[in-house]
Amino acid sequence: MSGLTPDEVLRLAERLKLFAQPQRLLILSLLLDGPRAVSVLEGETGIGQPVLSQQLGALRRAGIIRSERKSRSIFYSFSDDVEAGRARMLLGLLDAPRAPAPVAQPGRVRGERQEAGAVFARVGVPGDRRPV
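Residues numbered from 1 in each chain as written. Predicted model: local features only at pLDDT ≥ 70, side-chain atom pairs only at ≥ 80, totals over all residues. Heavy atoms only, no water.

With an unreviewed UniProt entry as reference, the protein chain is termed Helix-turn-helix transcriptional regulator, source organism Gluconacetobacter takamatsuzukensis.

A. Focus on the environment of I47. Mapped onto the secondary structure, I47 falls in the loop between α3 (38-45) and α4 (49-61). Given a relative accessible area of 7%, I47 falls into the buried group. Between the C-alpha atoms of I47 and I27, which are 20 residues apart in sequence, the distance is 9.6 Å. Among residues more than four places away in sequence, those in contact with I47 are Q23, I27, E42 and L52. (Helix = DSSP H or I, 4+ residues; strand = E, 2+ residues; numbered from the N terminus. Buried < 20%, exposed > 50% of the residue type's maximum accessible area, 1.4 Å probe, protein only. Contact = heavy atoms within 4.5 Å.)

B. Local environment of the packing of α3 against α4. For the pair α3 and α4, the least separation of the axes is 10 Å and the interaxial angle reads 110°. Taken together, the axes of α3 and α4 are roughly perpendicular relative to one another. Where α3 crosses over α4, the handedness of that crossing is right-handed. Contacts between α3 and α4 involve V38, L41 and E42 from the first element and Q49, L52 and L56 from the second. (Axes fitted to C-alpha atoms, helices over the stretch in contact; angles between N-to-C directions. Parallel < 35°, antiparallel > 145°, perpendicular 65-115°, else oblique. Left-handed = near helix turned anticlockwise from the far one by under 90°.)

C. Up close: the packing of aromatic side chains. Applying the stated rule across the entire model yields 0 aromatic pairs. When the ring centre of F75 is taken as origin, the NZ or CZ atom of K70, which lies over that ring, is 5.2 Å away. (Phe/Tyr/Trp six-rings, centres within 6.5 Å; stacked < 30°, edge-to-face > 60°. Lys NZ or Arg CZ within 6 Å of the ring centre and 35° of its normal.)

D. Representation of the side chain of E83 in the model. Examined against the element boundaries, E83 turns out to sit in helix α5 (residues 81-91). Looking at E83, the relative accessible area reads 6%, which means it is buried. Contact partners of E83, with chain neighbours within four places excluded, come to R15, G63, I64 and F78.

E. Up close: the nonpolar core. Counting residues in hydrophobic clusters, the biggest one holds 20 residues, and the most contacted among them are L28, L56, I64, I65 and F78. Looking at this core, the elements that each hand over two or more residues are α1 (6-19), α2 (22-31), α3, α4, β3 (73-78) and α5. Setting aside residues up to four positions removed in sequence, I65 forms contacts with L28, L31, L56, L59, R60, Y76, S77, F78 and S79. (Core = buried A, V, L, I, M, F, W, Y, C linked by side-chain atoms within 4.5 Å.)

Structural data, given as structure tokens:
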């Protein structure tokens, strides 16, 4: 990928601003499980209806989510699979690996098992000359 143009950088910054709001991230995380009615989102997020409407409106105007009226309720979902994938990727930044990935150790031969202890540095007060 080549460098971004100034216009692309501005568009990306605006998109990141949308995702930099905790309530919007919470909404998006719930929508990854499927469409939700406004009343359900209000109950699951604890966000009051006026603020929830503001956040949903911002996400809808940006084209990230869409609304659909069913009878007396309005349901929200991702506008398409691409937007859902972007949100999943962004929210996935928080996922900790289930098992720690092996870290290469300098001078260690693959398959060789070594026991190692912790190494501590002695931190003291200047002028403290106690033996280590």
